[in-house]
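Next come the chains, spelled out residue by residue.
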Amino acid sequence: MLNPISVAFKKARTENRPALLTYTVAGDSSKKQSLDILKSISKSADILEVGVPHNTPVADGSQIQTSAYRAIKKGIKIIDIFKIVRDFKKFDKSKPIILMGYYNMIFQYGENNFLNKCKTSGVNGLIVVDLPWPENKDFAKKCKKKSIYFIQLLSPTTTSKRLRKIIQNSHPMNYFISMLSTTGGKLKVSPREILKNYNRIKKINPKKEVVIGFGITDKTIGKLKSADGLVVGSAICKEITRSLNSRQNPVINVGKLVRKLKNKIK
Amino acid sequence: MKLKKKIPVIDQGNSLGFWGGKFGGNFVPETLKKPIEDLEVLFNKLKKDKKFISERDKYFQNWVGAPTRFIKLESLTNYIGGAQIWSKVVSDANGGAHKIYNATVHCLLAKRSGKKIICGDTGAGYAGKMLSMAAKKFGLKCKIFMGAKDIARQQPNVKAMKKNGAEVIPVYSGSQTLVDAVSECMRFWVANCDTTAMCVGSTVGPAVFVRICGWSTSQISRELKGQLIDEFGSIPKKLKLYNCVGGGSSSFGFWNEFMDYDKKQVEFIGVEAGGPAKSKKHAAPLTYGSKIGILHGAAQYVNQNSDGQIEETESISAGLDYPGISPLHCFLKDTKRARYTAASDEEALSAYKLVTKFEDLRPSLEPSHAFFVALKEAKKLSNDTVVVINSCGDAYKDRGILEERLGKKYVKSN
Ligand SMILES: Cc1ncc(COP(=O)(O)O)c(C=O)c1O
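Residues numbered from 1 in each chain as written. Chains lettered and ligands numbered in written order. Predicted model: local features only at pLDDT ≥ 70, side-chain atom pairs only at ≥ 80, totals over all residues. Heavy atoms only, no water.

The next subject is the overall build of chain A. Helix and strand content of chain A: 11 helices and nine strands. On C-alpha atoms alone, chain A measures out to a radius of gyration of 17 Å, which is about the 18 Å that the 2.2 N^0.38 rule sets for 266 residues. Once the C-alpha set of chain A is aligned to its principal axes, its extents read approximately 45 × 40 × 35 Å. Each of the 266 residues in chain A was classed as buried or not, and the buried ones make up 63%. The long-range share in chain A, meaning contacts at least 24 apart out of those at least 6 apart in sequence, stands at 70%. Per element, the accessible surface of chain A, about 11100 Å² overall, is 53% carbon and sulfur. Averaging the positions of the 51 positive and the 18 negative side-chain charges in chain A gives two centres separated by 3 Å. (Helix = DSSP H or I, 4+ residues; strand = E, 2+ residues; numbered from the N terminus. Rg over C-alpha atoms; globule rule 2.2 N^0.38 Å. Buried < 20%, exposed > 50% of the residue type's maximum accessible area, 1.4 Å probe, protein only. Contact = heavy atoms within 4.5 Å. Areas by Shrake-Rupley, 256 points an atom, 1.4 Å probe, with all protein chains shown as cover. Lys, Arg positive; Asp, Glu negative; His and termini not counted. Charge placed at Lys NZ, Arg CZ, Asp CG, Glu CD.)

Next up, the structure:
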């Protein structure tokens, strides 16, 4: 059976648009609310990235940090995150879910235990921010055995030689970090420049899906439409924070924002 | 797991940067892979380059001030009535602590790589102060990340950084201490690694930073070895080297040249921060059996919960207030080359009182932890045992805390 992630890319391609990937933090601002947010955006988004909050996130900017700290403060545990995924899958079985987090949490859980849990809860892919190639070789193999995509990250600093090696060994989906930045930074390079780098990666193996993320908002998403997929994270986390601060319902507001994002890439 | 002889410990990691196959490594975002590799290539080349080494030595000699004193603490020795008590007064070094060695080397490397800006983390403020001094000396712009709690409790060093023209960026996330400062500094580097060099303030972080720092602070034991031979004619038959351990840079540097001696002859004792006696929180992952985890790019023993969230620490000493520990020390612990223990806040304060009562020496709160354990153990040792404590920082920065905890008479005004 084809991984639902690949199905989602296929579907977007037939609709002549990039796949829309969202990133929200599990447990932000409560277990139930984060689940409700996933449900409210699942119609517009093609792939849902669910952040596993960590309290020493070395690659995240302030918006995602705020979401992560909020979730941790409410007591979210890994075990709850698996439950959120499972409950979501009862609601929308075919929508792909990617967990995104830091390696220590997987390491403490035990790689094998973690993957078993991913499998039984319905996780389709993993992004581990601080487990780069080649350090991730063994773990990526374990993922493959479970038919879970291990998604390699690529950056503007990744050398051509390294790019080729990573892509050669990669699973069907990769993630290109648009610029030198933590998550949530302002887009400091032009969409043209980003797409140039993106195309450099695509050329190595056009069959592998490459999504672009970091710094994408409703203002910029339309200019990057030619990519296989586009990830919006910090802008959504920021919307949750804004909603909470102004005593509005984040579920409704995030739903609106994601619909808006979708309309920009149609 | 085995410690090899005749190979510097900093070079005993495997190809992925793991000591003993499991400590250290490079758990970093993809963006940092290239700048880290560039730094590795540069450092590996320069550490074998005679010209570079003599340049380093020139700055250590004339600017840092080498050697720092090695002195006998006669009155304390008499008072304790056991082993001979000596101190390596590393706080003699320019700026008042060992952090100057690593800062100097990082600025030299940054210059060689053509970087114009250098960023660094700091807890006690010494790493930041020294980086600001070295950056100024070598004409680099300097950005220092420091937890808001540490900014409040280590004001003298904050003032020094600003005076040297560094930008001090307060970090408000998490516990607002060193751990958060290092995270924020790494984030800044992720976003600016094309123009900016990073200095990690201790033997922590991705493997190359551990190596550069250990290589730099090893100046301490190079000096000490010569001084011991001058004093005793040879390395004493019973030598014990006590050092506080935060990230582990002063202790590693204090021990490195003695690594190949049998531990029955030269014993290493690392003293971690046990925190307030009444608190469950501490900064002593080696002493209290913390599990291996990943923090700031390296696998190490680290205070964490079962989910892998890093736990908050507590210590009177900002420099030791860190949940993790250098992979080098994890390696020295598991190979049993070094022994680790902890002193509480109160114990460190009592040692500070004792040392300043008997000697003209003012160890900061960090080395006061080491003094406590050394003095306690020295009592039970014979007088042919030579106990040396690294007095790696000066207490000037701690005057606010000392005044609050011990009263005005323990604070000198300079
Ligand atoms: C005087 C002093 N000693 C010790 C330390 C602890 O660090 P390390 O274990 O790296 O020497 C610090 C750190 O800030 C310090 O300022």
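Having put the structure on the table, let's press on.
Turning our eyes to something else, we now look at the overall build of chain B. For chain B, the count of helices and strands is 15 helices and 14 strands. Expected size for 414 residues packed as a compact globule is a radius of gyration near 22 Å; at 19 Å, chain B falls within 12% of this value. Judged by the C-alpha coordinates and their principal axes, chain B covers about 55 × 45 × 45 Å. Side-chain charges of chain B comprise 61 positive and 42 negative groups, with the mean position of each set lying 3 Å from the other.

What follows is about the site of the ligand. All names here are of chain B. Taken together, 18 residues lie near the ligand, and Ser202, Gly246, Gly248, Ser249 and Ser250 sit nearest. Note that an oxygen atom of the ligand is positioned 2.7 Å from one of the backbone N or O atoms of Gly246. The contact in question runs from an oxygen atom of the ligand to an N or O atom on the backbone of Gly248, over 2.6 Å. (Near = heavy atom within 4 Å. Polar contact = N/O pair within 3.5 Å; in protein donor to acceptor, adjacent residues only side chain to side chain.)

Looking now at the environment of Gly27 of chain A. Residue and element names in this part refer to chain A. Its location among the elements puts Gly27 in the loop between β1 (19–25) and α2 (31–41). As for Gly27 and Arg70, which are separated by 43 residues in sequence, their C-alpha atoms are 8.0 Å apart. Not counting residues within four places of it along the chain, the set of residues in contact with Gly27 comprises Ser34, Ala71, Ile76 and Ile84.

A few words on the state of the cysteines. In the structure shown here, the tally under the stated rule is zero disulfides over all chains. Counting only cysteine sulfurs, Cys392 of chain B is the nearest neighbor of Cys244 of chain B, a cysteine outside any disulfide, at a range of 3.8 Å. (Disulfide = S-S within 2.5 Å.)

All names here are of chain B. Note that Thr195 resides in the loop between α8 (178–192) and β8 (196–199). Spatially, the C-alpha atoms of Thr195 and Ile151 are 27 Å apart, while their sequence positions differ by 44 residues. Within polar-contact distance, the side chain of Thr195 engages the side chain of Thr196 at 3.1 Å.

Looking now at the pairing of strand β3 (residues 97–101) of chain A. Residue and element names in this part refer to chain A. Across the five residues that make up β3, a large majority, five, are buried. When strand β2 (residues 47–51) meets β3, the two strands line up parallel, connected through four bridges. Bridge assignment links Val50 to a residue of β3, and that residue is Leu99. Judged from the four bridges that link them, β3 and strand β4 (residues 125–128) form a sheet pairing that is parallel. Counterpart to Gly101 in the pairing with β4 is Val128. (Pairing = 2+ DSSP bridges.)

Taken residue by residue, the interface counts 33 residues in chain B and 39 residues in chain A. The contact between chain B and chain A buries some 2900 Å² in all, and 54% of this surface belongs to carbon and sulfur atoms. Considering only the surface of chain B that becomes buried against chain A, Glu30, Arg187 and Asp307 of chain B emerge as the three largest contributors, covering 25% of it. Counting across the interface, chain B meets chain A through two salt bridges. Mapped onto the side of chain B that touches chain A, the elements with two or more residues apiece are α1 (33–46), α8 and β11 (292–295) of chain B. Of all the elements, α8 of chain B adds the most residues to the side of chain B that touches chain A, at seven residues. Classifying every residue of the side of chain B that touches chain A gives 13 nonpolar, 12 polar and eight charged. (Buried area = accessible area lost by both parts, 1.4 Å probe. Salt bridge = Lys/Arg side-chain N within 4 Å of Asp/Glu carboxyl O. Nonpolar A, V, L, I, M, F, W, Y, C, P; charged D, E, K, R; others polar.)

Let us now look at the pattern of salt bridges. Tallied over the full model, the rule gives 38 salt bridges over all chains. Taking the shortest distance from any N to any O, the salt bridge between Lys32 of chain A and Asp36 of chain A comes out at 2.7 Å. Taken together, the positions of Lys32 of chain A and Asp36 of chain A, both in helix α2 and four residues apart, correspond to about one turn of that helix. Of the charged contacts in the structure, one is a salt bridge between Lys143 of chain B and Glu167 of chain B, with a shortest N-O distance of 2.7 Å. Taken as a pair, Lys143 of chain B in strand β6 (residues 141–147) and Glu167 of chain B in strand β7 (residues 167–171) lie far apart in primary sequence, 24 residues in all. Here Glu167 of chain B falls in the partly exposed class, since its relative accessible area comes to 39%. Look at the salt bridges and you will find they share partners, linking Lys11, Glu15, Arg17 and Asp46 of chain A into a network.

For any pair of aromatic rings, the description consists of the separation of the ring centres together with the inter-plane angle of the planes. The full count for this structure, using the stated rule, is 24 aromatic pairs over all chains. Measuring from centroid to centroid gives 6.2 Å for Phe52 of chain B and Trp215 of chain B, while their planes differ by 15 degrees, and the two rings are stacked. With a gap of 163 residues between them, Phe52 of chain B in helix α2 (residues 50–65) and Trp215 of chain B in helix α9 (residues 207–217) connect regions that are remote in the sequence. Trp215 of chain B carries the same exposure label as Phe52 of chain B, and that label is buried. Through pairs of rings, three or more aromatic residues link up here, namely Tyr103, Phe107, Phe139 and Phe150 of chain A together with Phe18 and Phe27 of chain B. Its guanidinium or amino end placed over the ring of Trp215 of chain B, Arg56 of chain B lies 4.5 Å from that ring's centre, counting from NZ or CZ. (Phe/Tyr/Trp six-rings, centres within 6.5 Å; stacked < 30°, edge-to-face > 60°. Lys NZ or Arg CZ within 6 Å of the ring centre and 35° of its normal.)

Moving on to the confidence of the model for chain B. Residues at a pLDDT of 70 or more form 99% of chain B, whose mean pLDDT is 97. Interface confidence in the predicted complex, given as ipTM, is 0.97; pTM for the same model is 0.98. (pLDDT = per-residue confidence, 0-100.)

Right, let's talk about empty space enclosed by the protein for a bit. Residue and element names in this part refer to chain B. Per the stated rule, a full pass over the model turns up eight cavities of 30 Å³ or more. Roughly 290 Å³ of internal volume is contained in the largest cavity. Lining the largest cavity are 30 residues, with His98, Lys99, Gly247, Gly319 and Leu320 positioned closest to its centre. A breakdown of the residues in the lining of the largest cavity according to their chemical character gives 13 nonpolar, 14 polar and three charged. (1 Å grid on protein atoms, 1.4 Å probe; cavity = no way out; pocket = protein on both sides within 12 Å on 5 of 7 lines; lining within 4 Å. Points joined across faces, edges and corners; volume = space filled by probe spheres on them.)

Residue and element names in this part refer to chain B. With respect to the helices and strands, Ser249 occurs in helix α11 (residues 249–255). Polar contacts involving the side chain of Ser249 include one to the side chain of Lys99, which spans 3.5 Å. Those residues in contact with Ser249 that sit more than four places away from it in its chain are His98, Lys99, Gly201, Ser202, Thr203, Cys213 and Thr217.

To continue, consider the sheet that holds β7 of chain B. Residues and elements named next belong to chain B. Strand order in the open sheet made by the four strands is β7-β6-β5-β8, with parallel pairing throughout. Each edge of the open sheet carries a strand with a single partner, namely β7 and β8. In this sheet, neighbouring strand axes are inclined to one another by 25 degrees on average, regardless of whether the strands run parallel or antiparallel. Where strand β5 (residues 117–122) meets β6, six bridges bridge the pair, whose relative direction is parallel. (Axes fitted to C-alpha atoms, helices over the stretch in contact; angles between N-to-C directions.)

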